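# Secondary and tertiary structure notes
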Amino acid sequence: MTGPFIPIEDLDDPGRRRFLHLMAASLALAGSACSGPPQEEIRPYVRMPEAVLPGQPTFYASTLVRRGYGLGVLVESNMGRPTKVEGNPAHPASRGGTDVFAQAEVLQFWDPDRSQTPWHGGQIATWEAVRSFLADRGAALRRNGGAGLRVLTGAMTSPTWAAQWQALLREFPAARWHGWEPLHDDGAFLAAGLAWNRPVDTVLHLDKARVVASFGADFLGQGGEPGAVAYARDFAALRRQPERPSRLYAVDIAASLTGANADQRISLAPAEADRLVWRLAAALGVGTGFAPNARTARWEATLAKELDAHRGEGLLVAGPFLQPETRVLVHLLNHRLGNAGRTVDYLPPAELAPGSHGDSLAALVKDMEAGRVDTLLILGCNPVYASPAGLGFAEALGRVAHSIHAGLTRDETGFACAWHLPLAHDFEHWSDARAYEGSISVVQPVIRSLYGARSAREILAMLGSGAPASDYDAVRRSLAQLIPGGKADFEAGWNRVLAEGVIAGSAPAPLRLPPPRLPPLPKLEEPALTAVFLPDSSVGDGHYANNAWLQELPRPLTTLTWDNAALLAPATARALGLENGQVVELAAAGKALRAPVWIQPGQAEGTVGIPLGYGRQAAGRVGNGVGYDGYRLLGTGPTAAVSLTATSERHAFACRQPVASQEGRELVKLVAAAPYGQERCSLEDAPKESLYPGFSYPGYAWAMAIDLNACIGCGACTIACQAENNIPVVGREEVAKGREMHWIRVDRYLDEAGKGGPVLFQPVPCMHCENAPCEAVCPVGATMHDSEGLNVQVYNRCVGTRYCSNNCPYKVRRFNFLQYSNTDVESLKAGMNPEVTVRRRGVMEKCNYCLQRITRARIAAEERGRPIADGEVVTACEAVCPTRAIVFGDLNIPDSRVNRARASPLNYALLAELNTRPRTTYIARVTNPDPDLAGS
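So, a few notes on the structure that sits alongside this text. (Residues numbered from 1 in each chain as written. Predicted model: local features only at pLDDT ≥ 70, side-chain atom pairs only at ≥ 80, totals over all residues. Heavy atoms only, no water.)

### Structural notes on the overall build of the chain
Secondary structure assignment for the chain yields 26 helices and 39 strands. Its C-alpha atoms give the chain a radius of gyration of 28 Å, near enough to 30 Å, the size a compact globule of 936 residues would have. Its C-alpha atoms put the chain at 85 × 75 × 65 Å along the principal axes. Each of the 936 residues in the chain was classed as buried or not, and the buried ones make up 60%. (Helix = DSSP H or I, 4+ residues; strand = E, 2+ residues; numbered from the N terminus. Rg over C-alpha atoms; globule rule 2.2 N^0.38 Å. Buried < 20%, exposed > 50% of the residue type's maximum accessible area, 1.4 Å probe, protein only.)

### As for the pattern of salt bridges
Scanning all chains against the criterion turns up 42 salt bridges. A salt bridge links arginine 142 to glutamate 171; the nearest nitrogen and oxygen atoms lie 2.8 Å apart. Residue arginine 142 is found in helix α3 (residues 127–142), and its partner glutamate 171 is found in helix α4 (residues 159–171); the two are separated by 29 residues along the sequence. The partner of glutamate 300 in a salt bridge is arginine 279, with the nearest N and O atoms 2.9 Å apart. (Salt bridge = Lys/Arg side-chain N within 4 Å of Asp/Glu carboxyl O.)

### Let's talk about the sheet that holds strand β29 (residues 702–707)
Taken in spatial order, the four strands of this open sheet run β36-β29-β38-β37, and their pairing is mixed. The open sheet has two free edges, formed respectively by β36 (886–890) and β37 (907–908), since each of these has just one partner strand. For β29 and β36, the ladder comprises five bridges, and the chain directions are antiparallel. Note on β36: the bridge partner recorded for alanine 705 is valine 887. (Pairing = 2+ DSSP bridges.)

### Things to note about unusual backbone geometry
If a residue is not glycine, its phi is most likely negative; likewise, a peptide bond is most likely trans. At asparagine 197, a residue that is not glycine, the phi angle is positive and equals roughly 60°. Here asparagine 197 lies in the loop between α5 (186–196) and β8 (201–204). One non-glycine residue, arginine 917, adopts positive backbone phi at about 50°. Along the polypeptide, arginine 917 turns up in the loop between β37 and β38 (920–923). With a relative accessible area of 44%, arginine 917 lands in the partly exposed category.

### Here we look at the packing of helix α8 (residues 270–283) against helix α9 (residues 297–309)
Two quantities define a packed helix pair, namely the angle between the helix axes and the distance between the axes. Interaxial distance between α8 and α9 falls to 9 Å at its minimum, and their mutual angle equals 50°. Here α9 runs oblique to α8, going by the angle between their axes. The interaxial crossing formed by α8 with α9 has right-handed handedness. Only Trp299, Glu300, Leu303, Ala304 and Leu307 of α9 make contact with α8, whose side of the interface consists of Leu276, Arg279, Leu280 and Ala283. Of the residues that constitute the contact of α8 with α9, the class distribution is seven nonpolar, no polar and two charged. (Axes fitted to C-alpha atoms, helices over the stretch in contact; angles between N-to-C directions. Parallel < 35°, antiparallel > 145°, perpendicular 65-115°, else oblique. Left-handed = near helix turned anticlockwise from the far one by under 90°. Contact = heavy atoms within 4.5 Å. Nonpolar A, V, L, I, M, F, W, Y, C, P; charged D, E, K, R; others polar.)

### Some words on the packing of aromatic side chains
In this structure the tally under the stated criterion is 21 aromatic pairs. An aromatic cluster is built from Trp430, Tyr472, Phe490 and Trp494, whose rings are joined through pairwise contacts. Residue placement shows arginine 802 over the ring face of phenylalanine 815; its charged tip is 5.4 Å from the ring centre. (Phe/Tyr/Trp six-rings, centres within 6.5 Å; stacked < 30°, edge-to-face > 60°. Lys NZ or Arg CZ within 6 Å of the ring centre and 35° of its normal.)

### Brief notes about helix α19 (residues 716–724)
Summarising burial for α19: nine of the nine residues are buried, a large majority. The complete set of buried residues in α19 reads Ala716, Cys717, Thr718, Ile719, Ala720, Cys721, Gln722, Ala723 and Glu724. Just downstream of α19 lies asparagine 726, where phi reads positive at about 55°.

### Focus: the side chain of asparagine 771
Assignment of secondary structure puts asparagine 771 in the loop between β31 (760–764) and α21 (773–777). Among the polar contacts listed, one links the side chain of asparagine 771 to the backbone oxygen of asparagine 915, at a separation of 3.0 Å. For asparagine 771, the residues in contact, after removing those within four places along its chain, are Ser690, Tyr692, Asn915, Thr916 and Arg917. (Polar contact = N/O pair within 3.5 Å; in protein donor to acceptor, adjacent residues only side chain to side chain.)

### Considerations on the sheet that holds strand β2 (residues 69–78)
Read across the sheet, three strands follow the order β1-β2-β3 without closing on themselves; strand pairing throughout is antiparallel. A single partner strand is all that each edge strand has here, and the edge strands are β1 (58–66) and β3 (81–87). Here the strands of the sheet are splayed against their neighbours by 40° on average, with no regard to which way each runs. Relative to β2, β1 is paired through nine bridges, and the arrangement is antiparallel. In the sheet register, valine 65 faces β2, and the bridge partner there is glycine 70.

### Examining the state of the cysteines
Applying the stated criterion to the full structure yields zero disulfides. A disulfide-free cysteine, cysteine 766 has its sulfur positioned 5.7 Å from the sulfur of cysteine 847, the nearest such atom. Unpaired in terms of disulfides, cysteine 769 finds its nearest cysteine sulfur in cysteine 766, a separation of 6.5 Å. For cysteine 769, a relative accessible area of 7% gives the class buried. (Disulfide = S-S within 2.5 Å.)

In C-alpha cells:
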C-alpha cells in the first residue's frame, strides 16, 4: 500500500513528516483493521513485540482447516490485518511449508463478496432475529427429543466440536448429524471395513521408502490428500539422496502431479489398473490374478522384482479410482512385504464420524423426501451445488420447513435455504482440528470478525437451552486434559500451545492391525469411455471458485487459467477426431453437459478427466459462470460411464504455456542417478569475458539456488509471491494475450519422446544477472544494479518503453498494460502488504528477491549491531515451498546455504551461453528410470 504523498519541499521538515506518518498509520489502523484484535488474549509466535508499529508484522500460530483436517500455519498480522500465511515449522502437516490454498486464504478472508449479514428469504435480517428463531426451534424440538433435527457439515476432526455434539445430544437425543465432503474418499472407508471391519487412517512415510508404487493415487497433488504438504517434503527428502536413489512407479488414471514426478509412469483406465494390481500380487505370491496383458507384462514383472528386493523399504499406495477389494489387496501386499509399520502406518480415524459421506448424504435426502426432517442446519458446505445431480438434494431441500445455511458466502445452498448466516473465517474464531496424522492444533484468531460472523459452534449452540460458552472457553475446556503441565500449570501450558500452534504428543499411536484376508476378485466394468472426477488443483471442489489468485494460477500440468476442460489422452482424442478447444457433449445417467476438450498427455486412454469446482452460479463476481459444472455428471463414486458427442462449437482457452517443448534446448538439465558425481554442469563452464564493467559487493551479495530435483511443480511459489508482493490479477482476456503479472512462473516441459518419462518443472523468477541485458537498454535508468547485486526496478522512473523486457532472454519482466490493481475496494486494500508499493499503470515490475524482507532483516540486525545471519532472510517463494526446493542467501558468507547449494556439481546457470551471469542458478534434475523398462 502506498503512503501519503509528501511534497518534496516539505521533506526537510521533520515535524511535518512525523505528523504525516503518524496520521497515515492512524488512518490505516482505523480504516483497514477497524474490527481490531479478538477480545481474548492471543499469543504471537516466538515472542511478543513491544509495540504494534508500521512495518513490524507479528506472526500468530494458528490452523487452517480444509476438508476437516488441520494445517498448521503462521499468520502474518500487519497492524491487526492478516496479510500473509507461512507454514508452521512445528506442525507435522506443514513443517514450515504450505500449499496454494493456504496462501490464497488471505484473499479468501478479504473477499468483498463474503457474507456480511444474515438473510431470511430475500430480506436482510439481524443476529437478534437469528437467535430468537433458533431458540424457538430448539424449544419446539426439545419437546420431542430432537426428532426432525438434522445437522449437515463437512468432515469434522475438532475435539471441541465432538464435545459440543455430545452435549447437544443430551438435549436432542433423536437428532442426527450427517457429513458431506464432495471429494471424500469413501473407497478408503469401504476398503478398511472389508479389511479390518473398522475405519482407519492410512499414513505414508515416503521418507523411508526406496521403492514407491502408486496406483491412481495423487499424494503429491496439493488439492487432494490432507497430508500432501508433508508427503511432498518427505518425497523430496529421498530425492536429495541421489547416491542411494529412490524410485517412484506410478500408474496414472488421471494425469497427476504424482505421475508427473514418477521415474516410471504408465497410464491405464480404472478397470485395467485394478487388473494390474491383482496380477502384481500374483507375481508376489498373493492370490490369483486376471488374464495377462501384453502391454503391461514387462512393467508388472519389473515392479514385482523391485518390491520383493526392497521388503520393508517399499510402499504401495492405492488411489480413489480403484475398487475397494483392490485397495484391500494393496493393504495385504504392504503387510506381506514388511512395509506395514515402517513405510505405512494405520491410525485411529481423525474424523469424528468416519464413514461413507455419499451414504450419509443419501440418507439425509431420503429423510427429507419422506418428511422426517423439520429443521436442517447446514454448516460450511454447499450441497445444492457440490453434490451428485441425480441425488436430488435441492429438490428435497424444498420439503424442509426450516432450513438454515451458514457459509463464508451466500452460495447456491445459501440462496436455496430459508435462512443464510455469515460463517466466521479461520482467521476470526477459536477452534481446533486434527492433522492428517492425528496431532491436535488450535485455530487461533488474529482479528475480530469483520462482519460479525459467527462460528459453526456458536450457531449450533443457539439451539441449546443453556447459556453457551464462548469459543475460547469451549476450546480450553475440551483440550484441558491434553495441555502439557496439567491442572497445576495449565495457563503456562496453554500459552505455550498458542505460541507453538500444536499440542506436542497429541497424535495417537499407530494401530497394530493383522494382515487382512485376501479379498474376492472385484467385478469390473469396462465402458467405452469412463469419466474420472478430480479435485481441481486451483479451486478444489469449488470452495475457492471466487478466489481470483487461484483462478489465474496456471494449473500445473495444463497451465490453463480461468477454466476447466474435459481432459483426454492424445490417442483417445485422435480416435474421436478431437482437437484442443473443441466443445463436446458428455452424457451419463440421463444427465448431460457441454465442455471444451484439452488434450493431456498422462491421461489414461478411454477416460475423460472432469475437474470439479467450476460452473458456479452463486460463487461471487469472480467465480460465477467460469467453466462447466462437472457435478452434473457425478454419481455415487469417483468414476462414471459416459458417452461423448462432438459439436461444431469452439472454445478459446487462456493458456499460460501452450508450448510444452524445450525446442532442442536443455533448459532443464537432466543427470542420470547411476553416474551421479561423475557428471558436472557447473557455472565454471559459463563464459568469463564481458564488455560490462564488473561489480564488487563488500557488504552482502544475494543469490538464489533452485533444486529442480526437489521441485514437484505445485505452483505454491507463484501464489506466495503474489500474496507477498501485491501482484494483481489481470483476468482471462489479458492472460490470453500473454499479459499475466506473476513474478515467478513455473514452466513445465513434457516428455517429447512419449515414453512415459517425468514432466519437468522449472520455477523462473528474475535471474538478477550480473551482466543484465535489461540495464543496458533502459533509457531512463529505471532498472539498475544495487550495491548488493540485486537488479532493482525504480517504478517512478519507468516510462514504459519495454526495452528491458524485449532484451531479457528469460522473459521474467511484467508490464502493467492496464490499471490491474484494484484500489477502490476497501477490503482488498486491507489485505495488501504495507511494505510493498502498489504499482501504477504503465510500469515494468518483476521479482526483487523480496527486497522488503531483506530490508526488514537489515534493520533488525543493525539494531543489534551485527550483520544479517545466514537464513535470516527467507523469500516468500522459499518460505512456502513444501519441498524446500528454493534456497536464498548471501554469497559473502562462505558456508551459507546458497553457497553450499551452488557448490553442487549439478549447479548450472540457465542459458549460460549468453554470459548474463545470473545470481539465480539451478540444480539439475536427477533421473532414476528403471533400466529394465528402458524404452517402454
